[in-house]
Amino acid sequence: MNSRLRHWREAATLLLAAGAPPRASLGAFDYELLLLQRSPRSGFLPSAHVFPGGLVEAADFAAEWLGLLPASPQCGLGRVRPPPPGASRAPLFATDRERLGSPLPGEVAFRICAIRETFEEAGILLVVPGRGPAAGSGPARLPPAERLPAAAELSAWRRRVQEDAGCFLQLCRHLRCAPNIWALREWSNWLTPVGRAGRGGRRYDTAFYLCCLEQRPPRTSQDDREVTAFQWSSPPEAIEHFKSQEIWFAPPQFYELCRLCNFSSLHELHKFNSQRALEGCERWMPVILTASDGYIQLLPGDELYPEDPDYTGEKKITLSTDKKVEDLMKEGTVFHRIVIKNINDVAVYVNIQAKYKHMNPVVINSNNSDYNSRL
């Protein structure tokens with residue numbers, strides 16, 4: 001864990017996709033994603049639907065994990081390729097953890113964090129017998145029920161882990177299992193924008209991972225503490241729920257759901273990211289431009305994105321205009337932005353080339369603006 005961070009805290013989140021039984025509302029999609037509703041008492045994104053995840057704890061970097069994981073470099077994870085000329089690896093991943101006192105690479109610890117948080121928040125245990133990795137190259141499988149403790153015992157472990165993150169290591173030892181870090185593939189890296197901090201000024205530097213599960217959505221239960229409800233939905237279905245104001249997402253979740261709309265097949269999604277993940281990803285910090293009738297979250301590559309963005313917030317830079325969002329869109333030609341008219345009127349516009357062999361989101365807009373037709 002990086003105790004030197006001043007302006008944001010490190011976190012990890014998991015886009016968990018599971019094969020779905022045929023259902024008319026899924027359309028062509030054969031998988032669903034897990035969405036959790038945060039407590040209305042939460043200090044950050046209260047009542048929002050999010051992917052499971054949370055803050056990295058010191059226990060996620062514990063040296064004792066090396067006794068449960070392979071001894072090979074990166075604990076059996078593939079090495080991410082060097083970034084292209086003129087680019088650099090996101091600091092979240094590039095930080096030398098040994099200099100911070102941890103023998104565990106960040107790529108391992110962040111995955112452990114995402115797996116631990118998924119167990120705490122949703123009761124889903126992503127582990128493999130022995131030291132891993134699991135055999136096969138397809139979507140992951142959860143351990144059979146006979147390898148896990150009875151429901152009451154597992155619930156007791158879950159409460160212990162919620163109280164003390166170090167108990168997750170104890171649970172894995174007890175089960176003679178390892179967290180299935182190899183099923184999690186690097187997907188994206190988002191920074192909380194300046195001006196969107198949570199309680200106490202918290203901002204987050206979050207690693208987003210993707211994990212595809214072969215079987216249907218596993219038994220899921222909210223913890224009734226941080227999480228008050230859950231649902232499994234296909235990406236288009238989740239977006240429709242959002243547009244109809246049944247649920248609410250923060251902009252990064254909306255963007256990622258639009259990106260997942262490129263893939264209706266679980267196996268195609270798994271294949272794509274298995275091949276792409278070792279390319280790495282960009283670090284994105286949205287920069288907020290306030291217009292007269294809404295605001296735009298600008299992302300790197302957009303023609304209005306600052307050359308020297310204010311990452312720390314210490315410069316107190318604000319972007320605002322008296323123009324309407326529609327005027328800004330009609331005047332522009334190079335887009336990588338999230339347009340927000342109100343809490344449930346959100347649209348992604350992007351016409352730049354995706355980097356790191358990634359995929360741009362499907363452009364989803366609730367109206368038929370003429371600038372949408374130019375994308």
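These lines cover the structure that appears in this document, whether it is placed above or below.

Calculation criteria
- Residues numbered from 1 in each chain as written.
- Predicted model: local features only at pLDDT ≥ 70, side-chain atom pairs only at ≥ 80, totals over all residues.
- Heavy atoms only, no water.
- Pairing = 2+ DSSP bridges.
- Helix = DSSP H or I, 4+ residues; strand = E, 2+ residues; numbered from the N terminus.
- Contact = heavy atoms within 4.5 Å.
- Axes fitted to C-alpha atoms, helices over the stretch in contact; angles between N-to-C directions.
- Expected span 1.5 Å × (residues − 1).
- Buried < 20%, exposed > 50% of the residue type's maximum accessible area, 1.4 Å probe, protein only.
- Arc of directions from axis to C-beta.
- Salt bridge = Lys/Arg side-chain N within 4 Å of Asp/Glu carboxyl O.

1. Quick notes on the sheet that holds strand β11 (residues 287-291)
Sheet strands pair by backbone hydrogen bonding; their relative direction is either parallel or antiparallel.
Stage number 1. The strand order across the open sheet built from five strands is β13-β11-β12-β14-β15, with neighbouring strands paired in mixed fashion. Edge positions in the open sheet fall to β13 (319-320) and β15 (345-350), since each of these has one partner strand only.
Stage number 2. The pairing of strand β14 (residues 336-342) with β15 spans six bridges and is antiparallel. Considered in β15, the bridge of I340 is made with V346.
Stage number 3. Set on the sheet, helix α6 (residues 251-260) makes contact with β12 (294-298), β14 and β15; between it and β15 the angle comes to about 55°.

2. Some remarks on helix α3 (residues 151-163)
Stage number 1. An ideal rise of 1.5 Å per residue puts 18 Å on 13 residues; α3 measures up with 19 Å between its terminal C-alpha atoms.
Stage number 2. Regarding α3, the residues found buried are L154, W157, R158, V161 and Q162. One side of α3 holds all its buried residues, which, seen down the axis, span an arc of 140°. Along α3, exposed side chains directed more than 90 degrees from the buried face belong to A152 and E163.
Stage number 3. Where α3 is buried, its residues meet α2 (106-122) and α4 (167-175).

3. Some details on the pattern of salt bridges
Stage number 1. In the structure shown here, the tally under the stated rule is 15 salt bridges.
Stage number 2. Residue E10 is joined to R97 by a salt bridge in which the shortest nitrogen-to-oxygen separation is 2.9 Å. Of this pair, E10 sits in strand β1 (residues 9-19) while R97 sits in the loop between α1 (91-94) and α2; the two residues are 87 residues apart in sequence, bridging distant segments of the chain.
Stage number 3. Judged by relative accessible area, R97 falls into the buried class, the value being 4%.
Stage number 4. K330 is the salt-bridge partner of E326, the closest N and O atoms lying 3.2 Å from each other. Residue E326 and its partner K330 are located together in helix α8 (residues 325-331), separated by four residues, close to a single helical turn.
Stage number 5. Relative accessible area serves as the criterion here: at 36%, E326 is assigned to the partly exposed category.
Stage number 6. For K330, a relative accessible area of 42% gives the class partly exposed.
Stage number 7. Overlapping salt bridges, with partners in common, bring together D60, R116, E117 and E120 in one network.

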